[in-house]
Amino acid sequence: MRWLSDAAVDHLRSVADRPDLGGTPYELAEPIARGGMGTVYRARDRRLDRDVALKVMNAPAPAPGEVERMRDEARILARLEHPGIVPVHDLGTLPDGRLFYVMKLVRGRRLDEATADAPLHARLRTFERICEAVAFAHAQGVVHRDLKPENVMVGPFGEVLVLDWGVARWLAGSGRAESHGTVLGTPGYMPPEQARGETDRIDERADVYALGAVLQFLLSSEGESGAPRALEAICAHARALHPDDRYTSVSELAAEVERFLAALPVHAYPEGPLERVARLAAKYRTPLLLVAAYLLMRTVLALVARV
Amino acid sequence: MVQAVGSPDPETRRRAFEALVAAYWKPVYKYLRLKWRASEADAEDLTQGFFARALEKGFFDRFDPGRARFRTYLRACLDGFVANERKSAHRFKRGGGAEHVGLDFAGAEAELGRQGAPAGGDMEEYFHREWVRSLFGRAVEALRRRCAEAGKRVPFALFERYDLDGSDAARRPSYAELAREMGLPETQVTNHLAWARREFRRLVLETLEEATGSEEEFRAEARRLLGIDPP
């Protein structure tokens, strides 16, 4: 029997693991991301001569329920036609029986990398675009359930794509919902009801909670002065422990952030009189400066006339 | 396959046992040489003796998939067997009716010479690594036989050049070089390679299924072996 060196064993391992796309119009390139259920590769669509992202199940012998989950994921994505959600082009089965689906290849940077040096208002605009995509999914009856900075890509023109709908579920119930007690999601971003596996209690407000955590993440680079209190209050309201205490929808959360950007009072934060003056001063800074400049000029002119 | 070792049908029992010996003898031999510091002759005797005793005493019939992986269980049985053998200072006699012919001990010894001792001295990891090496080696041999039987000389030659000789990326030829070498269009090179790799993957899983103790263990090992789930 032929001697296999450690390098040969490692290489053969990758060979055995690498999906065979024989019989499909795709050519496999390098892996892009690897998850618990599937791996995403860059691939070439020979028919259309373009690069795509191809997600394939990890194991030829998947655990029970995994095939259904991945098929659901592809179908959910196919239903969500929105500029902020990665479109699905194809769904199929490899010669070894593994399910795969093909998506648009996303070019850009992850939210955490893309916003590291961006000013606050730019980060908040990005956040609003994430909210738009998630609100659209909710309107279609889908909850994402794993929103976090790693699952958002920001393109070169500031466009936002929400990725990884692997644990998303139909709000109305797909008939294949996982049993009570199943915990899927990311600690720190999932609400208490999701962490406890209370799957029947999970609705849009689970994503509101996660988006609150994403907003908190976007504010974390505000330095020593800290984020504005109104924004901190919006985060806290979105991340309330009980779903009834959160914003009832993602649109409501986005509207709060929009109010902040427009220097309007936000519902989550009752401001004091001084804060009100400061906010109004910030809001009307340009006209106030013009008036001040005008008054100053008049004063100077009056003084000059006296001399 | 492990469960078939306890089958009431002697033929099923024999085939299952032979498959187990084929999957595990080499890791067992190397483990005995390194962990138990057995001499070559002792390691050969102990390897033969261990499998003979396992068959005789039904070691593997008592395996409970709910408690451990089969590989772990087998290693525990082996450690117990060697400790007993040494205590009673009783060497298992060779040729006692249960000797397995065709075990290439000289080949295993040559491999040991090339490999040296495991880094860090972690014998569990070492046993696992050897088990994977043996499994892949058997799958490569099965692929060689399958290609010879099916008249698929070219796909195996390509697999050998690209995936076995070229396992070191620096020495791996390009598809274009292979195409020139074999006088084939490049698309045929990739098609043949894809076929060989598909067969190889199937044979790895087939070999793995023989060497694991339950459907669940097979699934878990398939994932671990293919580098997907963390150990």
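These numbers were taken from a predicted model, which means no experiment stands behind them.

(A) Layout of the sheet that holds strand β1 (residues 26–34) of chain A. Residues and elements named next belong to chain A. The sheet built from five strands is open, its strands ordered β1-β2-β3-β5-β4 with antiparallel pairing. Because the sheet does not close on itself, it has two edges, and the strands there are β1 and β4 (88–93). Strand-to-strand twist of the sheet, defined as the mean angle between neighbouring strand axes without regard to direction, takes the value 25 degrees. One ladder, built from five bridges, connects strand β3 (residues 50–57) with strand β5 (residues 99–104); its direction is antiparallel. Its bridge partner being in β5, Ala 53 is matched across the sheet by Met 103.

(B) View of the sheet that holds strand β6 (residues 109–110) of chain A. All names here are of chain A. Here we have three strands laid out as an open sheet, ordered β6-β8-β9, and antiparallel in their pairing. Only two strands of the sheet have a single partner each, and these edge strands are β6 and β9 (160–162). Sheet topology places strand β8 (residues 152–154) next to β9; three bridges connect them, and they run antiparallel. Bridging from a neighbouring strand, Val 154 pairs with Val 160 of β9. Contacts from helix α4 (residues 120–139) reach β8 and β9 within the one sheet, and its direction differs from that of β9 by about 45 degrees.

(C) Spatial organisation of the confidence of the model for chain B. Residue and element names in this part refer to chain B. Model confidence for chain B is summarised by a mean pLDDT of 81, while 88% of its residues fall at 70 or above. Here helix α9 (residues 215–225) is the element of chain B with the lowest mean pLDDT, 76, and helix α6 (residues 153–164) is the one with the highest, 92. Interface confidence for the predicted complex, expressed as ipTM, amounts to 0.79; the pTM equals 0.61.

(D) Just the nonpolar core, in detail. Counting 63 residues, the largest nonpolar core has Tyr 24, Phe 50, Phe 51, Phe 60, Phe 136, Phe 159 and Phe 200 of chain B as its most contacted members. In terms of residues, this core owes the most to one element, helix α5 (residues 123–149) of chain B, which gives 12 residues. Grouped together as the second largest cluster of nonpolar side chains are 62 residues, Ile 85, Leu 111, Ala 137 and Val 214 of chain A included.

(E) Structural detail: the interface of chain A and chain B. Tallying the contact residues gives 31 residues for chain A and 38 residues for chain B. Between chain A and chain B, a total of about 3,100 Å² is buried, with carbon and sulfur atoms accounting for 59% of that surface. When the area that chain A buries against chain B is broken down by residue, the three leading residues are Met 1, Arg 2 and Trp 3 of chain A, summing to 25%. The tally of links between chain A and chain B comes to three salt bridges. Arg 129 of chain B is the partner of Asp 6 of chain A in a salt bridge, and the nearest nitrogen-oxygen pair spans 3.5 Å. The tally of links from chain A across to chain B stands at six residue pairs in polar contact (both at pLDDT 80 or more). The residue makeup of the side of chain A that touches chain B, split by class, is 16 nonpolar, four polar and 11 charged.

(F) Molecular detail of α5 of chain B. Residue and element names in this part refer to chain B. In a regular helix each residue adds 1.5 Å, so 27 residues correspond to 39 Å; α5 covers 38 Å between its end C-alpha atoms and thus fits that length. Where burial is concerned, most of α5 is hidden: 19 out of the 27 residues are buried. Residue Gly 151 follows α5 closely and has a positive phi angle near 65 degrees.

(G) View of a nonpolar patch on the surface. Residues and elements named next belong to chain A. Together, Val 291, Tyr 294, Leu 295, Met 297 and Leu 301 make up an exposed nonpolar region whose accessible area comes to about 490 Å². For Val 291, the position within the fold is in helix α10 (residues 285–306). Taking relative accessible area as the criterion, Val 291 reaches 46% and is therefore assigned partly exposed.

(H) Just the side chain of Glu 198 of chain A, in detail. Residue and element names in this part refer to chain A. As for its position among the elements, Glu 198 is in the loop between α5 (192–195) and α6 (204–219). Residue class for Glu 198 comes out buried when judged on its relative accessible area of 16%. At 2.8 Å, the side chain of Glu 198 and the side chain of Arg 196 are in polar contact.

(I) Fine view of unusual backbone geometry. Residues and elements named next belong to chain A. The phi dihedral of Arg 145 falls on the positive side, at around 70 degrees, and the residue is not glycine. Counting through the fold element by element, Arg 145 comes out in the loop between β7 (142–143) and β8. Although it is not a glycine, Ala 263 adopts a positive phi angle of roughly 60 degrees. Here Ala 263 shows up in the loop between α8 (250–261) and α9 (273–283). With relative accessibility at 16%, the residue Ala 263 sits in the buried group.

(J) Quick peek at empty space enclosed by the protein. Enumeration according to the criterion identifies two cavities of 30 Å³ or more in this entry. Considering only enclosed or pocket space, the largest cavity measures out at about 60 Å³ in volume. Residue lining of the largest cavity: Met 1, Arg 2, Trp 3 and Leu 4 of chain A together with Lys 26, Lys 30, Glu 111, Glu 130, Arg 133, Ser 134 and Gly 137 of chain B, and that is the complete set. Listing elements by their share of the lining of the largest cavity, those giving two or more residues are α1 (10–34) and α5 of chain B. The greatest single-element share of the lining of the largest cavity, amounting to four residues, is contributed by α5 of chain B. A class-by-class count of the residues in the lining of the largest cavity yields three nonpolar, two polar and six charged. A volume near 40 Å³ is recorded for the second largest cavity.

Rules and cut-offs
- Along each chain, numbering runs from 1 in the same order as the chain's sequence is written.
- Note on labels: chains are lettered from A, ligands numbered from 1, in written order.
- Owing to the predicted nature of the model, reporting of local features is limited to residues with pLDDT of at least 70; listing and counting of side-chain atom pairs is limited to 80 or more, with chain, interface and lining totals taken over all residues.
- Hydrogens and waters are ignored; side-chain quantities use all the structure's heavy atoms.
- Here, any two strands with at least 2 DSSP bridges between them count as paired.
- By the criteria applied, helices consist of DSSP H or I runs no shorter than four residues and strands consist of E runs no shorter than two, each listed in order from the N terminus.
- To define axes, lines are fitted to C-alpha atoms, for helices over the stretch in contact only, and angles between the resulting N-to-C directions are given on a 0 to 180 degree scale.
- Only heavy atoms matter for contacts: two residues are in contact if any of them lie within 4.5 Å across the pair.
- What pLDDT conveys is the predictor's confidence in a given residue, as a value from 0 to 100.
- Residues belong to one nonpolar core when they are buried, are Ala, Val, Leu, Ile, Met, Phe, Trp, Tyr or Cys, and are joined through side-chain atoms within 4.5 Å.
- We call a residue buried when its accessible area falls under 20% of the maximum for its residue type, exposed when it is over 50%, and partly exposed in between, using a 1.4 Å probe and counting protein chains only.
- Here's the idea: put two parts together, see how much 1.4 Å probe accessible area each one loses, and the total over both is what we call buried area.
- Each reported salt bridge corresponds to a side-chain nitrogen of Lys or Arg within 4 Å of a carboxyl oxygen of Asp or Glu.
- Side-chain atoms alone can form a polar contact between residues adjacent in sequence; in general such a contact is a pair of N or O atoms within 3.5 Å, and within protein one must be able to donate a hydrogen while the other accepts it.
- In this classification, Asp, Glu, Lys and Arg are treated as charged, Ala, Val, Leu, Ile, Met, Phe, Trp, Tyr, Cys and Pro as nonpolar, and every other residue, Gly included, as polar.
- Here a helix's expected span is defined as the number of its residues, less one, multiplied by 1.5 Å.
- Patches here: salt-bridge-free residues with over 30% relative accessible area, like charges joined within 9 Å, nonpolar side chains (Val, Leu, Ile, Met, Phe, Trp, Tyr) joined within 5 Å.
- Only the protein chains shown count as cover for residues, and all accessible areas are computed by the Shrake-Rupley method using a 1.4 Å probe.
- A cavity here means a set of 1 Å grid points, computed over protein atoms only, where a 1.4 Å probe fits but cannot escape. A pocket is an open set with protein on both sides within 12 Å along at least 5 of 7 lines, and lining residues have an atom within 4 Å of a point.
- Grid points are joined across faces, edges and corners, and a volume is the space filled by probe spheres set on the points.

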